[in-house]
Amino acid sequence: ANDNFATLTPESANQGVLLGRTIASNGPFITAEPKGPGAVHIRVAGPSWMPITTLMVYADGKLDQTIELDPYDGNPIRHDADVTLNNADARWSVAVAKAPGSVPPILRHQVKGVSPAVWLKK
């Protein structure tokens, strides 16, 4: 219900995940929202030094499509568009933005960000 870590409980963390109020990232920041059956709006942002190259869109847990992102051009927004899923009957979708490797010395692991699950059908 809030961003105060002092009040975080396992129950409230689980509820946040179920409500789509969480992201996992070591750099790319991804937001996703439903745009009707079979479509989701995905926005990917990241700092200039982070080579975010690929956006993978999953539908019902299976890779639906891969979108190659343009190199950094001065705009931290790397992708901001509606994506029509190949699986138009998907109930939910997740987006993953990543780079081909790490960014030493800042990040020693692969650059990756994961959106919350977006529920397209109930």
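Residues numbered from 1 in each chain as written. Predicted model: local features only at pLDDT ≥ 70, side-chain atom pairs only at ≥ 80, totals over all residues. Heavy atoms only, no water.

Trainee: What am I meant to see in the overall build of the protein here?
Mentor: For the protein, the count of helices and strands is one helix and nine strands. Written out in order from the N terminus, the α and β elements of the protein read α-β-β-β-β-β-β-β-β-β. Long-range pairs, those at least 24 residues apart, make up 61% of the contacts in the protein with a sequence separation of at least 6. For the protein, the accessible area works out to roughly 7600 Å², and carbon and sulfur atoms hold 55% of it. (Helix = DSSP H or I, 4+ residues; strand = E, 2+ residues; numbered from the N terminus. Contact = heavy atoms within 4.5 Å. Areas by Shrake-Rupley, 256 points an atom, 1.4 Å probe, with all protein chains shown as cover.)

Trainee: Help me understand the sheet that holds strand E6 (residues 77-84) in this model?
Mentor: Strands pair in a sheet through their backbones, by hydrogen bonds, and they do so in one of two ways: parallel or antiparallel. Taken in spatial order, the three strands line up as E2-E3-E6 in an open sheet, and their pairing is antiparallel. A strand with exactly one partner marks an edge of an open sheet, and here the two such strands are strand E2 (29-34) and E6. On average, each strand axis in the sheet is inclined to that of its neighbour by 10 degrees, with strand direction left out of account. Across six bridges, E2 lies against strand E3 (residues 39-45) in antiparallel orientation. Paired with Phe29 across the strands is Ala45, a residue of E3. (Pairing = 2+ DSSP bridges. Axes fitted to C-alpha atoms, helices over the stretch in contact; angles between N-to-C directions.)

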